[in-house]
Structures are given as C-alpha cells and as structure tokens.
Amino acid sequence: MTNAGVVLPQSSMPSLQSASIVKANGSPNGDRDLTKYGRGSAVSLKEHGCGGDDGNGLIRSRQDRPLSRKINVSAAILAPYRLLIFFRIVVLGMYLAWRIKKRNEDAIWLWGMSVICEIWFTFSWLLEQLPKLSPVKRTAELAVLIDKFETVSPQNPLGRSDLPGIDVFITTADPDKEPPLVMANTVLSVLAADYPVENLACYLSDDAGSLLTFETMAEVASFATVWVPFCRKHDIEPRGPESYFSLKKDPYRNKMRPDFVKDRRRMKREYDEFKVRINALLDTVRWRSDAYNAREENRALRRHRELYGDEPIERPKVPEATWIADGSHWPGTWMNSSPHHTYSNHAAIVQVMLKSPSNEPMQGKNEESRCLDLSGVDVRLPMLVYVAREKRPGYEDNEKAGAMNALVRASAVVSNGPFFLNLDYDNYVCNSRAFREGMCYMMDRGGERVCFVQFPRRFDGGDPSDGYAGYTNVLFEVNMRALDGIQGPVYLGSGCLFRRMALYGFDPPPPQERHGGCCRCCFPRKPKTPGGVDSDEERQDSRREDEKILSIYQKRFGNSASLIDSIPMAEFQGRPLADHPTVKYGRPSGALAAPHDPVTQSMVADAVSVIACSYEDKTQWGRRVGWIYGSVTEDIVAGYRMHNRGWRSVYCVTSGDAFRGTAVINLTDRLNQILRRATGFVEVFFSRNNPLFMTPGMKILQRIAYLNLSTYPFTSLFLTVYCLLPVLCLFSGQFIVQTLTVTFLAYILILTVTRCILAILEIRWSGIQLVDWWRNEQWWVIGGTSACLAALFQGVLKVTTGVDVSSNRIKTSADGDESSEPHGLKWTWLMIPPITIMLVNLIAIAVGVSRTIYSSSPEWSKLLGGLVFSVWVLIHLYPLGKGLMWRRSGGKTPTVVFIWSGLIAITISLLVVALHSPSGDHQIGGSITFP
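Nothing here was measured: the structure is a model prediction, and the numbers come from that model.

(A) Representation of the overall build of the protein chain. Regarding its fold elements, the protein chain presents 29 helices and 13 strands. The burial tally for the protein chain puts 53% of its 931 residues in the buried class. Here the analysis covers contacts within the protein chain between residues at least 6 apart in sequence; of these, 79% occur between residues at least 24 apart.

Structure representation (structure tokens):
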C-alpha cells in the first residue's frame, strides 16, 4: 500500500483462482449457479476457457503500456481548419496583388501607408498561423507510473519508490512587495504534494536576504508538521491552506472519515493562529532588534566607563543591526541599511529548515499534545532549504535569472534532483498529483529527449469577465497546444518541470543510438580493446581524456568539485526505465530505490561557495549554462536555447489545474506586464538569439513560432499607423481605395468570413470560449498601440545606445498601492497613445459626418468606408475605455491622462484643419495634398 495513490497489494487483489470458487447460496457441495451474474470475465474464467495466464502476461502488458498518450485533434475539425488556412493565404495573396495594382491616385499617400501595413499584417498572420497546423492534446497515465515505479518487483523487493528526485525552486525578491503569507502558502502546498517524500526537496530563493522571509520559513517548517499530515490523511485538494479554506464548494463532499469535521475545525484554528504569527513577524523582528541594540549600547557605555572612568560626552553609537532569535547578527539585509547588509550587498546564506527525511515511512501517533490524530499517517516532510545568494557591489546580480542559476548550483550539491520545477512566490500547487503527471512525460519512451514540461498557468481572482485578458486563455489553450504538435511549447517563466542536464547546456541523446548518456555525446570515450582489458597506453589515453573533460567542465560550470561530480549522477538518475526494446537510453529498474545520503555540513558549505557572487566569473553560467543573462525575458531565451540544441518540450494539461497564481486585476498591471514581455522580445530580436540564426536542430515550424515572438512588437508600429488611417480618411474625405468597388468589398467579405470560421474551428479544437478569443483580439490592438509600441522604442534605444529605461521589476497588484483594488488605476504614460487614438477617431467621425452632410456633392461611399474603419478601431479599444472610466473602490482616472491625450488629439486636429483651405462649396475643410 502506498500513499501515492489507491494501489492494493497483491495479497489483497482478487485472483482468478479465488474468483472461480465462488459458491451460490453458500452451497457446501460446490454446485454453483452463476446465471445471476450474467456473462463476463469476473468469475469462473478457467471453466470457460478464458484463463490459463499465470500473471506474467499481465506484468508484461503493464510494462508495455506507455506513460502518456497523444490525442490528435479530430480530422473533421483539423482538415477543414488546415484547408481554410491555405485558402486564406491564397486569397490574401490575390488581395495584396489587387491592392498594389489598383492605386488610389487621389490619395497616393493614403494608399501607400495602407498597403505597407496590410503586407506586414499578412506576414505577421502567417507567422502566427503556420505553427497551428498540427495541434495535439496529451494525457498522462498515473496508474501505469505507479505500477512501474512504486510497485513490488524482483528489482525492487521492498516496493520503494523508484521515481527520480524533484527539486522545487520558489523565488521571491522583496517581502514588502511580495506578501510573506502568500509565499508561505506556496511553500506549504509544495511540501504537501503527492510525491515520494524522500525524493522531493523545496528551495526558496530570497533575493532580498530578508530576515522577515527567513522567519516566515521557520514558521512554515513548524506549521507543516500538522498541515502536511492533515492533507495526506484526508486527501485534501488544493493543498495550499489559504486556497483550501477559501473554497466555496462543499468541503465535506466525498469525505468518509468520521473525524474529518473535527480535524478540519482544529486545522482551521491552527491556520488562523499561523496567519497571526506571520502578520506579527515584522513587529517581532523590529522589537527584538531594538532590544538587542539597546543592550549593545549599554554594553558599549559600560566598557567606556571601565576604560576611562567617566561618563562619555555622547552615548556610544553601535550599528542598528537586525538580530536573529539566538542573539546573533543577521548576515543578510538589515532593516536599517548598513554597509555589507543591504539589498545589493550581503553575504550568502544557506539554511536547511527541514532535513532530508528517512527512506522508510514514519507513522504518526495519537498524542494528546498534537491537535490531530495522526495514527497510520506518514508524518515525514520533504527537505526545505532557505537560500539567499551573495550580493556585492561591482557584481551583476542579473535579477531572476541570476537567482535561478544560484538555486541550480546550490541544489546540485545538496539534493541533486535530476529534475526541478520552478514556481513564482504566488503560484501554489492546486493539484497535488501534478508532479507525477509531469514525470509521466519525462519517464516515458522517448522522454530522455524532453527538456521541460510546461504546465498552463491559471489564476485566482481578477475580473470574472476577464476584461483585461489577464487569464491569457488563448495563449495556453491554442498556441501552446499547437506548438506541442511540433517541437514543444515555449518556456513561460513559471510552472515548468526541467531536466537538469538540458539546462546545463548538454545536447539531447541521439534518438536511434545507444550510448553512455548526454554527457558522453559531448565527450565520447574510445572503445575498449577486445577482451575488455585496457592496455597501459589506453589507460593513459583515458586519463588524459578525463583530465580534458574535467578542464572543460571547470571552464563551463566552475571549480566546485561537488558540482562537477553531481553532473553524471543527475544524468543517470534522469533516464527512463530500460524496460522496453524501444527505450534505447535508460537505466535498470530499482536503481533509485536505494536509501539516500543525509545532508551534511560539508554539503551546506559547498552550497554556500557555489552561490558566491564571484563564482560565475570565467564560467559559462548565464551564457550557455542555466538561465541566459541580458534579457528581461530570460524564460523565452532559455527555452529557445534548449530547442535550438535539438531538445523537445511537452505541454501538460492536468485533469485539475496544476498551479494557480494571482491574476492581473487592473489596467495598469496589465499594460506593464505586456511592456515587460514585449521589451524582452525586442532584445531577443537584436541579439545572437535571433531565430533567424538558428541551427538545424530546430524544426522549421518551431523556428517560425520563435520568429513570430521576436517580431511581435514590430507589429505595433504598423498597427498604430493603421488605427490612425480612418482619422486621415475622414479628415481628408478620401479612402484607402479610390472607390468602393464590388471586388474590394468581396475581398473584405471573404477575408472576414474566413477569419471568423478559423476562430470557430480554433474554439472547437482548443476548448476556449468565444469571449476569450474576442478579448485576445481586442488586447492585440490595445497592447499593440501602447505597451508594445513603447517596448519597441525602449528595445531599440537599449540596443543602439546601451541605455536601459525599462523596469524589470513590475509592481503587481499585491503591492498594496491604490491600484491593488479590482479595476483600480495608477497613472502610466502607456495609456496616452491608445487614448489619443480613441479621441482623434471620435473627432474625425464628427468632422467626416459634418462635411458629408453639408457638402453640395457628398461622397457617401467614402464616408461609409471611413466610418466602418473608425468604428472597428473604437470597438477594439473599448476595454481600455471601460478600464479608464471604472470608479469602483474609489478608483480614480488620472486627470493628466486626459490632459495629455486631449492636447495631442487637438494638436492633430488643428494640424489637419490648417492643411485644409475653406472652399466655396460650403464644405467643412477640403482635401489634404502633399507636394
């Protein structure tokens, strides 16, 4: 019996023989009447000639079953979807050829701008649509995973888990902006995950080196001793206490144990007390530090009296330090900044909060001192480690990418899990079996070539109507599923299960060749002489080769012997089982069931050394190994590098949401989020990571997908111009075509109808809602005319001049400012361009209608074209206007937004009027002409 799932031991499973001795009505003579059971395979199989299997065939069939299945989209949906894409490509080509041929001589400048924009839009649409030709869905087989890795077998007689280890990385940067209670819930949900305890470790990276975060971890370690067994005992979902106790559904559904109500009530009280302790930590640390500092001042005063025998003129000053509970200085950041104790200047800290558990289950007891009866419940806890990397002036910290690389190195010398999962501070585990589902793809046939498994990101809170498209359902349900059918989804920064060797910069193993591993594909050994005995010359060659490999490893990974020694171990442990002929690269069954070594003080010392700020000097960390430096979208670049080396990734959608985070709940946060992402895309385009410079290791459609990401911000320039074209049309009385002919209207109708049909088919195969697709279309225009436009100029400025005006750390809704309320608003200059576009379009509509009404020879066709064009723009910008006008919770629209936008709109209008000379036919304005 395992606590990982509902698995019965062989002794308790009904065998075929026991089924054949069922007696009817308890007859002692063996006469049986089985007619009331009908026909089937439940009873008396041997009598009916259906038996004869000794069970070995059943074991073999389990070994033959894959750990995951790929479900292709129905041909009834996919075939017309592909056909319609190619049909629309042909129509677009014909339309652009017709537009280029039919020039508008009356407004050649208007015709030229519109044609250039439409050519770019066609190119951008192709980049986005072509990778969607082969969408797939996948499902994991958890029962098969348990049968293969956690069931008693000749290779694993004790039935210990043979699953590889997983190190979970949680990153936080500032407890003032990222609430410790939210981070604590994330850590607790990880510790309670349904994965073998001895193979799970949780690392928290505190980039601020804050004592508040450290004390929070200590409280988490204490509270986990009751919360984690409670989750195991009653199979709690989700396993973050805040999310669990906030559930609106019936918490007692499917709960059978009679003590559940009592346990839940007691656990709720324990959690409430835990929250109070967390909220009081800041004051506790401050009071403690004030008391110790006062004691130090008194000691200094007493020493002065002893040395000089008189009272000092001024009280001696001592550093206003921050103190730990044991009466020593905190080596990290102090509450009152002091040299060597600031956010950007503090020592490295590695603290094991919960030691590595034993390999044997530890059953709890019914003790009166505990609030719960834990009899028969495994009370072991996964290892929990607090990490704060060293920061010193003169060394780049590289923000999140640097923190993640420090975690990779520290975990390698402590637990060395061959896989690790990274989570943001607010991404708690919502499905406790998500780790197992991700491992199904890593351990499946061909899984040795999978570099990472990306889970979809789901969110709590936010606008129920998703007015800001913050849930990004189109990205996760359409784009990611489509990429999963090529070479795999892109890495999205959080909720991703990595293979350690792939992030180390190694190439994947060849698919049809048996060899020593991915380390050996980079540094192969020469074959041995016949007979298996090495000669003296071969031993010397082998020694020289080992020295060469060691030298290369030191240049790549640094001088830590523990880190280098951990690499082949992680490579071996990350292999799938060699239990099938198709597995060309695996490990024997039961190889990881041996007991693990405990964490020693020397391991902790090695971990401290590898997170020193100078460790990465003269190494390839941040360039080829780990997360790549130099971009605010380090996630996209890291995934791109792995795909470029030939690795593939997998998109894992679990039956229940794997992880959930905090949703974007206001306009300001959403625009800043788009700005940061788009700035990173521009940096990628102007760097050596440009998809145009890819190696043959990446598939063609995968290249197109990455090219679409890197060129996405450039669309904003053309989109902004295109949204201003209806203004120019209405002001000048012209249109993008000379006349609204039947041919032009037919092309527009065909392109619009095919676009709508494609959207309907995407909705069918992806499962999204129509409103999700429409929100995505609206925010394509809003983001393109605001954040992406700003990102384009910021990225170009950084590349050309080296000036970085972007802010990598975006203030979120949890920061406690006035924009933290739903639909709250805080001023950002990103709002000016789209508001200006809305205002000038409204002014242009009024001018165009007035001109046509009072004109002696009105041209209604051109007015109609301009009006439809302008209304199209305003409809797409509607969510922005709604967000600006929302007044809930005292939210206030900044006056400066309207002042600047109004001034720009009036300036544009006056410029147009100045270019118009009044005519004698009582028209309002005339025609714009350019020399």
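(B) Region of interest: the nonpolar core. Ranked by internal contacts, the top residues of the largest apolar core, which has 83 residues, are Val187, Trp227, Leu384 and Phe435. Counting residues per element, this core draws most heavily on helix H7 (residues 211–234), which supplies 13 residues. Ignoring any residue separated from it by four or fewer positions in sequence, one finds phenylalanine 435 in contact with Ile166, Val168, Ala193, Tyr195, Leu200, Leu421, Val429 and Phe659.

(C) Geometry of the sheet that holds strand S6 (residues 383–388). Strands sit in the order S5-S6-S4-S3-S7-S11-S9-S12 across an open sheet of eight strands; the sheet is mixed. The two strands at the open ends of the sheet, each matched to only one other strand, are strand S5 (349–354) and strand S12 (648–651). Direction aside, the axes of adjacent strands within the sheet are offset by 20° on average. Across three bridges, the pairing between strand S9 (residues 450–454) and strand S11 (residues 496–499) is antiparallel. From the neighbouring strand, phenylalanine 452 faces S11, where its bridge partner is phenylalanine 498.

(D) Just the packing of H7 against helix H9 (residues 260–279), in detail. As a packed pair, H7 and H9 sit with axes 11 Å apart at the nearest point and diverge in direction by 165°. With respect to each other, H7 and H9 are oriented roughly antiparallel. The two elements H7 and H9 meet at a crossing, and its hand is left-handed. For the pair H7 and H9, contact is made by Thr216, Glu219, Val220, Phe223, Val226, Trp227, Phe230, Lys233 and His234 and by Phe260, Asp263, Arg264, Met267, Glu270, Tyr271, Phe274, Arg277 and Ile278, respectively. The residue makeup of the contact of H7 with H9, split by class, is ten nonpolar, two polar and six charged.

(E) Spatial organisation of the environment of histidine 346. Inspection of the secondary structure puts histidine 346 in the loop between helix H10 (281–308) and S5. Along the backbone, histidine 346 and glutamate 390 are 44 residues apart, and their C-alpha atoms lie at a distance of 5.9 Å. Filtering out sequence-adjacent residues up to four positions away, histidine 346 remains in contact with Asp207, Ala208, Gly209, Pro331, Gly332, Thr333, His340, Ala388, Arg389, Glu390, Lys391 and Arg392.

Cut-offs applied
Residues numbered from 1 in each chain as written. Predicted model: local features only at pLDDT ≥ 70, side-chain atom pairs only at ≥ 80, totals over all residues. Heavy atoms only, no water. Helix = DSSP H or I, 4+ residues; strand = E, 2+ residues; numbered from the N terminus. Buried < 20%, exposed > 50% of the residue type's maximum accessible area, 1.4 Å probe, protein only. Contact = heavy atoms within 4.5 Å. Core = buried A, V, L, I, M, F, W, Y, C linked by side-chain atoms within 4.5 Å. Pairing = 2+ DSSP bridges. Axes fitted to C-alpha atoms, helices over the stretch in contact; angles between N-to-C directions. Parallel < 35°, antiparallel > 145°, perpendicular 65-115°, else oblique. Left-handed = near helix turned anticlockwise from the far one by under 90°. Nonpolar A, V, L, I, M, F, W, Y, C, P; charged D, E, K, R; others polar.

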